[in-house]
Amino acid sequence: MNAGRLPRPRVPRFVAGHRFLAASSVVVGATVAGGIVRRLVGVPEGAEEAEPKDLPDGERRILRGPAGTRVYTERFPGREDALLFTHGWCLNESVWLHQKRRFGRGPLSVVTWDLPGHGRSSLPRRGDVSLGLLVDAMARVVDQAVDERGRVVLVGHSLGGVLTLRYLLDHPETARRKVRGMVLLSTPVMQIARSLAGGWPGSAAESWLLGTAMHLVVGSRGMDRLMGWEAGRPRNDAISYHIVRAGFGDDPSPADVRLVRDAIASVPRQVRLQTFRAMSDFDVSRSLAALDVPALVGFGTKDRLVNPADTRALALGLPNAKALEFTGAGHAAFLERTRDFDDSLAAFARARLRARRRTAGPGGAGGKAHR
């Protein structure tokens, strides 16, 4: 793991995006094809691992969310200051199991939650699961699950990072009062298809083609049936296992791959489609300078779902950010490099939540960046 300010990439971003897209397509295709072959011929994929059983018990609470939603939260009480974990697209709060184990018995309070339509949180009574709805739900969680006297460090993965950025932009007053730092993992600055397409003259058409292809995959009923049929099976030769494995890096734990696979399978197809559409217009590239909250921005060098160059650009664009590079990790470094990630998070939270007692600066802006 390498930490610090990254030099600006010398390769033009649209070239890097195309290289990333081509390499990812080959690797993902080979991984999935290999999984199908193993499934058909019965070749095992590594040793099976038992699912972890030693998780601490959190306080389960249902909050009243926007548009009639019921938002599921788990809270591990400590002192008033808190870590708030927001999961990524098509996942749920269970993916933070390693962080619950590390921080759930510590001095800080820990809050995890399910986005509306995910996990144990309900769908809105009317309308779709929109980006605005998800941000409003996050605001409810910050207001109701974090102690009124406490301050918080926001931790977001992928879509969870997107929501964190939008929350800070849409709720500046509350953010200045309560938020002392943010940790963003595998977070793009714009919609994924546009990020991959880059800036060449035909990028608008390519972006549309990429977005259409991704939409077809997301909405596939066949994929939905396959994931649902194989969910919960502790086998590493399942086709769905290898589809999800393609999003990881060099050496993930099979149990973690199955955890993500089962979380994806639990999200209704319509929610996958609605949240995918909701992200189609996302772009905060022009708003980054206004976000002076101290930040850690992490990415895996083998991330095939969000271009690492895009996350590097996020770290460079934020005025008060430190970059974390997880060599060989994929899209979920918090699962793949748990100890490194948790150690970095612990040091960052310790510094930021201690600093808030020394400064009255809004949102931590009066202090120095954690270096």
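Presented here is a report on the structure given in the accompanying data block. (Residues numbered from 1 in each chain as written. Predicted model: local features only at pLDDT ≥ 70, side-chain atom pairs only at ≥ 80, totals over all residues. Heavy atoms only, no water.)

Some thoughts on helix H3 (residues 131-145)
Quick reminder of the rule: Numbering goes from the N terminus for both helices and strands, where a helix is a DSSP run of H or I of at least four residues and a strand is a run of E of at least two. One less than the number of residues in a helix, times 1.5 Å, gives the span that helix is expected to have. Only protein chains enter the area calculation, which uses a 1.4 Å probe; residues under 20% of their type maximum are buried, those over 50% are exposed, and those in between are partly exposed.
In this model, H3 (15 residues) spans 21 Å end to end at C-alpha, consistent with the 21 Å of a helix rising 1.5 Å per residue. Looking at H3, one finds that the buried residues are Leu-131, Leu-133, Leu-134, Val-135, Ala-137, Met-138, Ala-139, Val-141, Val-142 and Ala-145.

Some words on the pairing of strand S5 (residues 108-113)
Note the threshold: Strand pairing follows a simple DSSP-based rule, namely that at least 2 bridges must link the two strands. Classification remark: right-handed applies to a crossover when, strands pointing away from the viewer, the course from the first strand over the helix to the second runs clockwise.
Within S5, six of the six residues are buried, leaving the element largely enclosed by the surrounding structure. Side chains Leu-108, Val-110 and Thr-112 project from S5 onto one buried face, and the interleaved Ser-109, Val-111 and Trp-113 project onto a second face that is buried too. Strand direction decides the pairing type here: strand S3 (residues 70-76) and S5, joined by four bridges, are antiparallel. Each residue of the ladder has a partner; that of Phe-76, found in S5, is Val-110. Where strand S4 (residues 79-86) lies against S5, six bridges are found, and the strand directions are parallel. Within the sheet, the bridge partner assigned to Ala-82 lies in S5 and is Ser-109. Crossover S4 to S5 through helix H2 (residues 97-103) is right-handed.

As for the packing of aromatic side chains
For clarity, the cut-off: For this analysis, a ring pair means two rings from Phe, Tyr or Trp (six-membered ring only for Trp) whose centres lie within 6.5 Å, classed as stacked if their planes differ by under 30 degrees, edge-to-face if by over 60, and tilted for the remaining angles.
Overall, the coordinates contain three aromatic pairs when judged by the stated rule. Pairing Phe-85 with Trp-96 gives two aromatic rings, centres 5.0 Å apart and planes at 50 degrees, and the pair type is tilted. Taken together, the residues Phe-85 in strand S4 and Trp-96 in the loop between S4 and H2 connect sequence positions eleven residues apart. Each member of the pair, Phe-85 as well as Trp-96, is classed as buried. Taken together, a centroid distance of 6.0 Å and an interplanar angle of 45 degrees make the contact between Trp-89 and Phe-276 tilted. In this pair, Trp-89 is assigned in the loop between S4 and H2 and Phe-276 in helix H11 (residues 269-278), connecting sequence segments 187 residues apart. On the accessibility criterion, Trp-89 (26% relative accessible area) is partly exposed. Judged by its relative accessible area of 10%, Phe-276 is buried. Members of the aromatic cluster, connected to one another through ring pairs, are Phe-85, Trp-96 and Phe-334.

A short note on helix H4 (residues 159-170)
Threshold: Whether two residues are in contact is decided by their heavy atoms: any pair within 4.5 Å suffices.
Between the first and last C-alpha of H4 there are 16 Å, a value that for twelve residues agrees with the 16 Å anticipated at 1.5 Å per step. Most of H4 sits inside the fold, with nine of its twelve residues counted as buried. Three or more residues of H4 are buried, namely Leu-159, Gly-160, Gly-161, Val-162, Leu-163, Thr-164, Leu-165, Tyr-167 and Leu-168. Of the surrounding secondary structure, the elements contacted by the buried residues of H4 are S4, H3, strand S6 (152-157), helix H5 (172-178), strand S7 (179-185) and helix H12 (308-317).

A short note on the pattern of salt bridges
Note the threshold: By definition, a salt bridge exists where a carboxyl oxygen of Asp or Glu is found within 4 Å of a side-chain nitrogen of Lys or Arg.
Inspection of the entire model under this criterion finds 15 salt bridges. Linking Asp-170 and Arg-166 is a salt bridge whose minimum nitrogen-to-oxygen distance equals 3.2 Å. Taken as a pair, Asp-170 and Arg-166 lie in helix H4 at a separation of four residues, close to a single helical turn. Classification of Asp-170 as partly exposed rests on a relative accessible area of 40%. Judged by its relative accessible area of 23%, Arg-166 falls in the partly exposed class. For the salt bridge of Arg-261 with Asp-262, the shortest nitrogen-to-oxygen distance reads 2.6 Å. A relative accessible area of 27% means that Asp-262 is categorised as partly exposed. Each member of the salt-bridge network shares a partner with another, and the members are Arg-60, Glu-74, Glu-93, Lys-100 and Arg-120.

A short note on the packing of H3 against H4
What counts, and what does not: Convention adopted: a line fitted to C-alpha atoms gives each axis, helices being fitted over their contacting stretch, and angles between N-to-C directions are expressed from 0 to 180 degrees. Any angle between 65 and 115 degrees counts as roughly perpendicular, while under 35 counts as roughly parallel, over 145 as roughly antiparallel, and the rest as oblique. Residues are grouped as follows: Ala, Val, Leu, Ile, Met, Phe, Trp, Tyr, Cys and Pro are nonpolar; Asp, Glu, Lys and Arg are charged; every other residue, Gly included, is polar.
In the contact formed by H3 and H4, the axes pass within 9 Å of each other and the chain directions differ by 75 degrees. Between H3 and H4, the angle is such that the two are roughly perpendicular. Contact residues: Leu-131, Leu-134, Val-135, Met-138, Ala-139 and Val-142 in H3; Leu-159, Val-162, Leu-163, Thr-164, Arg-166, Tyr-167 and Asp-170 in H4. Among the residues forming the contact of H3 with H4, the class breakdown is ten nonpolar, one polar and two charged.

Notes on the side chain of Arg-337
Tracing the chain through its elements places Arg-337 in the loop between helix H13 (333-336) and helix H14 (338-355). Assessed through its relative accessible area of 16%, Arg-337 is described here as buried. Once residues lying within four places of it in the same chain are set aside, the contact partners of Arg-337 are Asp-251, Phe-326, Thr-327, Gly-328 and Ala-329.

Read these as geometric descriptors, not functional statements.
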